[in-house]
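The lines below spell out each chain.
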Amino acid sequence: MSETNARIRYEDWEHYAKKRLSKGAFGYVQSGSNQEQTLVKNREAFNDLELVPRVLKDVSNRDLSIKLLNQSLAVPFLLAPVGFQRIVHPDAERASAKSAQKAKVPYIMSTVSSTSIEEVSEIMRDVPHYFQLYWPNDQDVCESFVKRAEKSGFDAIVVTVDTPYLGHREVDLSNGYSPINTGAGIENFLTDPVFQEKYNPNHDLSEAELIDEIKSILFKQDLTWSNIRWLKKITDLPIILKGVMHVDDAKLAVEEGIDGLIVSNHGGRQLDGTQSALKALQTIRQEIGDDIPILVDGGVRGAPDVLKALAIGADAVLIGRPYTYALVDGEAGVDQVLNNFTKDLDTSLAILGVNQVKKIDTSVITNSVNR
Ligand SMILES: Cc1cc2nc3c(=O)[nH]c(=O)nc-3n(C[C@H](O)[C@H](O)[C@H](O)COP(=O)(O)O)c2cc1C
Ligand SMILES: O=C(O)C(=O)c1ccccc1
C-alpha cells in the first residue's frame, strides 16, 4: 500500500480546493443560490433512493458504455459545463478536456470558457464533446458560436434554458465576487470574428470594456421556443435542453423534436427551493416514457449515485463540482477524479449484480422491490 494520502473522497477535494483557492473563487464554485435549499435537496434525494443488489450473477465481464445521440459513450457520465475554469487553474478547460479525452469521458464545454471552441474540439478529437450555449442576446454572435462548434467538430449543442438571469448567489454577493470580472471565461467572445466586428471594430477596447460588452449580451431574457425552432433550422447538430425541471416543459420539448434533455436545477445555483433534480427526473421519465434521452445533474458524487440515476430512467449523468475541485491540481487532478469515478463505477456495477450499464433498470431500487 502506498503511504501517500491520495485524495479520493469528494470532501477531501473540496477541502483542498478551499485551502488553495481565494475565498471568492471557492465560494463561487461551492455555493448555491439563496438559502441553498436546493443544493441540499440534490444530495438528500440521492441519499433517500436505495439500491437493492442482485447476487449470483456472473459479473466477471462488464460493459460501461452507453449509446447517446447515435454515438457510443465509453461511460455513462459526462463532464458538466463549468464556466470560468481559469479561476481554478491557469490551464482551465484545456486541462479538463485533455483529461476527459484520455479517460474517454465526454465533455460539455461552457460558453464562458477561457479556452476557445476550436482548441477544445481539437483536444477532444473523437471523444464525444458538446457545446453548451448561453444564448447571447445577439443573434449574429449566437449563430457564429453555433457554426464554430459545428465546423470544429462538436457533436451536439446544449442550450442552457434555466438562466435568463443569474440566480441570487448570496455567497458571491457577500464576497463581492464575479468570475467574469476576473477576465476568465471570455475567450469564445474574444476569438469570435462576428463579436469582434460588431463590438470591437477598431480593436481598441480595454479588457474591462470588452467584459462590459460581453456582460451586456451574455444572457437572453426573452428566449422562447421560437428561438429554439430557429436554432434547429440553422444547425444539423442534435439539440439538448439543459435545465428542464417541469414535466410540461419536457412534453413540449418532445413535441418540438428536441434531441435530449438535461434535467437540472443548475447544481442548486439558479432558483432556490426547487425540487431535487433526481425527483424531477423520476416524474419526467414516468410521464414521457422513452421518447427522448434524459440526462440529469446535481449532487452526483460517486458511482452509486450514477447507478441510482440510471435506475430511475436517466440515460447518463453529469458531474460538475467533483472535477472542478480536482482541477485545482490541473490535468493531473482531473485525471485522478475521472479514473476513480470509472473504477468505482466498474466495481459498483459488479456488486449491484449487473454486467452492463445499459441493462440497469428500476428493478434494482427499493420502490420497485418493496411492492
Ligand atoms: C463553478 C460552476 C460553473 C458552472 N458554469 C456553468 C455554465 O457555464 N453553464 C451551464 O450550463 N452550467 C454551469 N454550471 C452548472 C453545471 O453544469 C451543473 O449543472 C452543476 O454543476 C451540476 O451539479 P454538481 O456540481 O452538484 O455536480 C456551473 C456549475 C458550477 C459549480
Ligand atoms: O455560475 C454559474 O452557474 C454560471 O453558469 C454562470 C454563467 C455566466 C456568468 C456567471 C455564472
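Just so it is clear, the structure is predicted and the values come from calculations on it, not from any experiment.

Examining the pattern of salt bridges
No. 1: In the structure shown here, the tally under the stated rule is 18 salt bridges.
No. 2: A salt bridge links Asp346 to Arg62; its shortest N-O distance comes to 2.8 Å. Taken together, the residues Asp346 in helix 16 (residues 330-352) and Arg62 in the loop between helix 3 (37-48) and strand 1 (66-68) connect sequence positions 284 residues apart.
No. 3: Look at Asp346 and you get partly exposed, because its relative accessible area is 23%.
No. 4: On the accessibility criterion, Arg62 (32% relative accessible area) is partly exposed.
No. 5: For Asp140, the salt bridge identified is with Lys198, shortest N-O distance 2.7 Å. Remark: Lys198 occurs in helix 9 (residues 193-199) and Asp140 occurs in helix 6 (residues 139-152); sequence separation between them is 58 residues.
No. 6: In the salt-bridge network here, residues are joined through shared partners; they are Arg7, Arg20 and Asp329.

Looking at the layout of surface pockets
No. 1: Of the voids in this model, the largest pocket is the one considered here, and its volume is about 900 Å³.
No. 2: Where the lining of the largest pocket is concerned, the elements lending two or more residues are helix 2 (23-30), helix 7 (170-175), strand 10 (316-319) and helix 15 (321-326).
No. 3: Split by residue class, the lining of the largest pocket holds 22 nonpolar, 14 polar and eight charged.
No. 4: As a volume, the second largest pocket reaches approximately 630 Å³.
No. 5: Looking at the lining of the second largest pocket, the elements with two or more residues in it are helix 11 (225-234) and strand 7 (239-244).
No. 6: A per-element tally of the lining of the second largest pocket places strand 7 first, with three residues.
No. 7: Looking at the lining of the second largest pocket residue by residue, the class counts come to 15 nonpolar, ten polar and three charged.

Some words on the site of ligand 2
No. 1: By nearness alone, every residue bordering ligand 2 is listed as Tyr28, Phe84, Tyr134, Leu166, Arg169, Leu218, Phe219, His266 and Arg269.
No. 2: Within the side chain of Tyr28, one N or O atom sits 2.6 Å away from an oxygen atom of ligand 2.
No. 3: In the environment of ligand 2, an oxygen atom lies 2.8 Å from a nitrogen or oxygen atom belonging to the side chain of Arg269.
No. 4: Coverage of ligand 2 by the protein chains reaches 91% of its 290 Å² of free accessible surface.
No. 5: Judged by the fraction of its atoms near the pocket grid, ligand 2 is located in the largest pocket.
No. 6: By residue class, the composition of the shell around ligand 2 is six nonpolar, one polar and two charged.

Points about helix 16
No. 1: Compared with the 33 Å implied by 1.5 Å per residue over 23 residues, the 33 Å span of helix 16 between its first and last C-alpha is a close match.
No. 2: Listed in full, the buried residues belonging to helix 16 are Gly330, Gly333, Val334, Asp335, Val337, Leu338, Phe341, Leu345, Ser348, Leu349, Ala350 and Leu352.
No. 3: Contacts from the buried residues of helix 16 go to helix 1 (10-20), strand 3 (77-79), helix 4 (92-103), helix 14 (303-311), strand 10 and helix 15.

Each value, and the rule that gives it
Residues numbered from 1 in each chain as written. Chains lettered and ligands numbered in written order. Predicted model: local features only at pLDDT ≥ 70, side-chain atom pairs only at ≥ 80, totals over all residues. Heavy atoms only, no water. Salt bridge = Lys/Arg side-chain N within 4 Å of Asp/Glu carboxyl O. Helix = DSSP H or I, 4+ residues; strand = E, 2+ residues; numbered from the N terminus. Buried < 20%, exposed > 50% of the residue type's maximum accessible area, 1.4 Å probe, protein only. 1 Å grid on protein atoms, 1.4 Å probe; cavity = no way out; pocket = protein on both sides within 12 Å on 5 of 7 lines; lining within 4 Å. Points joined across faces, edges and corners; volume = space filled by probe spheres on them. Nonpolar A, V, L, I, M, F, W, Y, C, P; charged D, E, K, R; others polar. Near = heavy atom within 4 Å. Polar contact = N/O pair within 3.5 Å; in protein donor to acceptor, adjacent residues only side chain to side chain. Areas by Shrake-Rupley, 256 points an atom, 1.4 Å probe, with all protein chains shown as cover. Sits in = over half its atoms within 2 Å of the grid points. Expected span 1.5 Å × (residues − 1). Contact = heavy atoms within 4.5 Å.

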